[in-house]
Amino acid sequence: MPRHALARIVVAVFAVLVVAGTVLAVVSGDTRLVVLLVYRVFVDPVEELDADLLVMLVGMGLAQAWGLAQILPGRRSGGTTSRHAPPVAATRAPGDGEGSEGGRSDETRRSRDQLLLRAALYALMAIELTDHLPWPDDLPKAVARIAIVVLLYRVMSTVSRTLRLVALVVGLYRPILALVAMALDLFGVARDALPPGGSLAWVVWMTLIVVAQARDGRWGRTTLWAGAVMAAGPFLLPLVAYPITQTFVIHEASRMLLDVFTVVWLGRSAIEVARPPRAPRPRVMGTFRWRPWEVVAVGLPLLPAAVNWTNGVFLWLGPQGAIASWFARTGWYLQELWLLISLAGSGGAAALVLAVVLRHRRAGGEGRGRLRQGVVAALSLAAVAGVVEAVTGKDRPAPPDDGVLIFRKQLLDSAAGISPLWHSAAFIGSALILLFLYGERPRPRKPYQLAMASLATVALLILVPVSDHAPGPATTRSECENDLEATGERAFVCAVRRLDAPPFRPSMPDQRLIAYGHRMCGVYTRGDVLEAATFKQAHGVDPRQHKYLLEDICPKVAAEVDAAVAKEDAEIAAREAEQQAMCDQAPRHRPRIKPVRSVREKKPVWTELSLEASDEEAYLDDDVVWQAKEGDLVVTAPGRLAILVNTELRMCVTTETYDRRPPVETKGWDHVVEAGYESRDGTLVFGDFLSGVTLPDLAARGKRHYRVRVHYAWLSWKGQQQAGQRLLIMAYPGRGDEVIVHRKP
């Protein structure tokens, strides 16, 4: 039986099984067969399956059947010649004939490279097909990618050496980076020092390889289109997943479909590598000399881009204005277009113009019209977008960050650059130069037409500088959140950015914001009421009401703040000294019997809540304080005991621990209460977690039941009857949970 017939039978059987599994899932609800075919894993039966998930499974199963038909051997994979003529062997030099030793060695080397490339492609395809299995595939995948990158460089010898070299360097970046990361993990070293951009480099390599395959000629349309889908895959996945639907089904289907195209490209590339390549076409290449106008056409779009680059700005269209706002707020799924259009002003337009110039020289003047027309149209549309952005540019909208897959922080957190009209003028200038250099000779214009066109151009060039209202970057609020130690002008900028309702526009550049700040400082320093009112009427900001923002850039405000802080610190220090003197002169308790330990707190205690003791097994969901009645000093609950004190005044606290019951003392105290406490964790510690107050441990004998006696009295100080509080806490081993009031006010 021919191999291609067997392949057809395998594909047909797989497709029939997928359909049968789907019918079985619909009839009986058993999805194990269709899931096994699509995901290649065994799953438990599910009670209910959504219809959209079932449609996704059958669709992906049929797509996998198509992919299987592409990678299995068939008639098209034999030793037939490519549809492109003629084979490369017909273009050898006279000294490289079949009878020469050099010719045979070259053929042997090419055959060996083709066999090795086929093996590497099949190996990576096998890894992709088994990536769902629980085995580490990072190392073999990196090795297979390195082999494929190197062997493709060697096999496609008829393609431009420059293209292959660039693809070789870019393609080796990601797998080598992966090997270095694995080595760092092996030695326990962090990956922070590794450079980013591995995924982007692999996408660029995939794009270059598809271009090289198309030029080589041995790979068919299916292979090339599958490779193109692979290269565009990272950008296509979010387009389908958001915001068309919020469900998992669409994203999962897109991911699996991309896997199918990946396997198809690997398999078809391995099958078709045995075909003879297309003979290189003769180049019509004259002496390459840059003409001045060509240099101007390429360099014009780079001038405004260079100004933005120096300020750390990479998006010429935002994120601001009507265009960025439309892509950000309408929820359209092609929001990546915003990023592509924005990057056009950061060197992309110059690359398009350079492509037209190189195409003109390479093709010798043939077949360049469509490319020139397309580039001119693209430059014109970009110029119109710049004008719209400049006219409608106001406060920043939320940028469409879902479409930004690489360097998101650098692209989206950058400030607004120079006016987009500078870019529009550069685009129009480059487009006119291309039409002048390579376009057909225009028909004669009438004098009034030339006058009107010249007047419009001069007016545009005059209005461009006037419309430039965005000098320099603008720090974002997210950048200031991680910069808490800023000083000077940077601290002023961040103080404004952190406000929910700032007195200035959120998109105001830092330079202009700092200039406003210094002007406000001048108005505040001079103290002229009329000048302050005039400033508020002109700018909508009163420097006297926002002086707290000027502390870091205004000496007078800083001096006033320092004086106020110093005064407040002095008042606090004096108050604490008075309270310390009050506790030092408070009556000391003289125990009737010798305690195990007696501790008099050196500094006054100030709590935010009550003093509470609780063990690890206590039920803390209910606040025991809420059980207190008016006039209670002590409140108890299982595993908890709280002392209710006045939280507005300082306390002079003494704690005493006994090994037996001490005599009851009520003289000199306003309130004396005794309660029981069972320590199940071996501790008896009163404290206030909110203020951080913690008293010494009163559990003298570890885990057991204790009796706690609390003595409370007001302190008089300098004629004030209730200036402070005096607290004595005794604890001794004893039975009983009842609360005994020995004295009450």
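Preceding block: the structure.
Since the structure is predicted, the reported quantities are computational estimates derived from the model, not experimental observations.

## Side note on the overall build of the protein chain
At step 1: Scanning the protein chain from N- to C-terminus turns up 22 helices and 11 strands.
At step 2: When the 745 residues of the protein chain are sorted by exposure, 40% land in the buried category.
At step 3: The long-range share in the protein chain, meaning contacts at least 24 apart out of those at least 6 apart in sequence, stands at 74%.

## Concerning the nonpolar core
At step 1: Of all hydrophobic cores here, the largest spans 39 residues; its most connected members are L117, I148, W205 and W265.
At step 2: Among the secondary structure elements, those contributing two or more residues to this core are helix 4 (101-129), helix 5 (138-155), helix 6 (161-186), helix 7 (198-216), helix 8 (221-241) and helix 9 (248-272).
At step 3: If near-sequence neighbours (up to four positions away) are discounted, W205 is found in contact with I148, V149, L152, A167, V170, G171 and W265.
At step 4: Formed by 26 residues, the second largest nonpolar core is a distinct cluster that contains M651, Y677, A699 and A731.

## Things to note about the state of the cysteines
At step 1: Evaluation of the coordinates by the stated rule reveals two disulfides.
At step 2: Between the sulfur of C521 and that of C554 lies a disulfide, 2.2 Å long from S to S. Torsion about the S-S bond of the C521 and C554 cystine: about 80 degrees, corresponding to right-handed handedness. Placement of C521 in helix 20 (residues 510-526) and of C554 in the loop between helix 21 (529-539) and helix 22 (555-584) is noted, with a sequence separation of 33 residues between them. An identical accessibility class is assigned to C521 and C554; each is buried.
At step 3: Disulfide pairing is shown between C583 and C652; the S-S distance is 2.0 Å. The sign of the -85 degrees torsion about the S-S bond sets the C583-C652 disulfide as left-handed.

## Some remarks on the pattern of salt bridges
At step 1: Taken as a whole and assessed by the stated rule, the structure comprises 11 salt bridges.
At step 2: Between D113 and R154 there is a salt bridge; the shortest N-O distance is 3.2 Å. Taken together, the positions of D113 in helix 4 and R154 in helix 5 put the pair 41 residues apart, joining distant regions of the chain.
At step 3: Here E531 ties to R526 by a salt bridge, and the two come within 2.7 Å at their closest N and O atoms.
At step 4: R526 sits in the exposed class, given a relative accessible area of 56%.

## With respect to the sheet that holds strand 6 (residues 671-679)
At step 1: Taken in spatial order, the six strands of this open sheet run 1-5-10-9-6-11, and their pairing is mixed. Each of the sheet's edge strands pairs with one partner strand only, and the pair in question is strand 1 (597-600) and strand 11 (740-743). Between one strand and the next, the sheet's axes are offset by a mean angle of 20 degrees, whatever the strand orientation.
At step 2: As defined by bridge partners, strand 6 adjoins strand 9 (residues 704-717) across nine bridges and the pair is classed as antiparallel. The partner of A675 across the bridge, within strand 9, is V708.
At step 3: On top of the sheet, helix 22 reaches strand 1, strand 5 (651-657), strand 9 and strand 10 (720-733); it is set at about 115 degrees to strand 9, its chief contact.

## Comments concerning the side chain of E665
At step 1: Topologically, E665 is positioned in the loop between strand 5 and strand 6.
At step 2: With no salt bridge to any partner, buried E665 finds its closest opposite charge in R592, at an N-O distance of 4.3 Å.
At step 3: Engagement of the side chain of E665 in a polar contact is seen with the side chain of H589, the distance being 2.9 Å.
At step 4: Excluding its chain neighbours within four sequence positions, the residues that come into contact with E665 are H589, R590, R592, V672, H711 and M730.

## Quick notes on helix 3 (residues 51-71)
Owing to its 3.6 residues per turn, the α-helix aligns residues three or four sequence positions apart on the same side.
At step 1: Between its terminal C-alpha atoms helix 3 stretches 30 Å, which fits the 30 Å expected from 21 residues at 1.5 Å a residue.
At step 2: Residues L54, M56, L57, V58, M60, G61, A63, Q64, A65, G67, Q70 and I71 constitute the buried set of helix 3.

Conventions we followed
Residues numbered from 1 in each chain as written. Predicted model: local features only at pLDDT ≥ 70, side-chain atom pairs only at ≥ 80, totals over all residues. Heavy atoms only, no water. Helix = DSSP H or I, 4+ residues; strand = E, 2+ residues; numbered from the N terminus. Buried < 20%, exposed > 50% of the residue type's maximum accessible area, 1.4 Å probe, protein only. Contact = heavy atoms within 4.5 Å. Core = buried A, V, L, I, M, F, W, Y, C linked by side-chain atoms within 4.5 Å. Disulfide = S-S within 2.5 Å. Salt bridge = Lys/Arg side-chain N within 4 Å of Asp/Glu carboxyl O. Pairing = 2+ DSSP bridges. Axes fitted to C-alpha atoms, helices over the stretch in contact; angles between N-to-C directions. Lys, Arg positive; Asp, Glu negative; His and termini not counted. Polar contact = N/O pair within 3.5 Å; in protein donor to acceptor, adjacent residues only side chain to side chain. Expected span 1.5 Å × (residues − 1).

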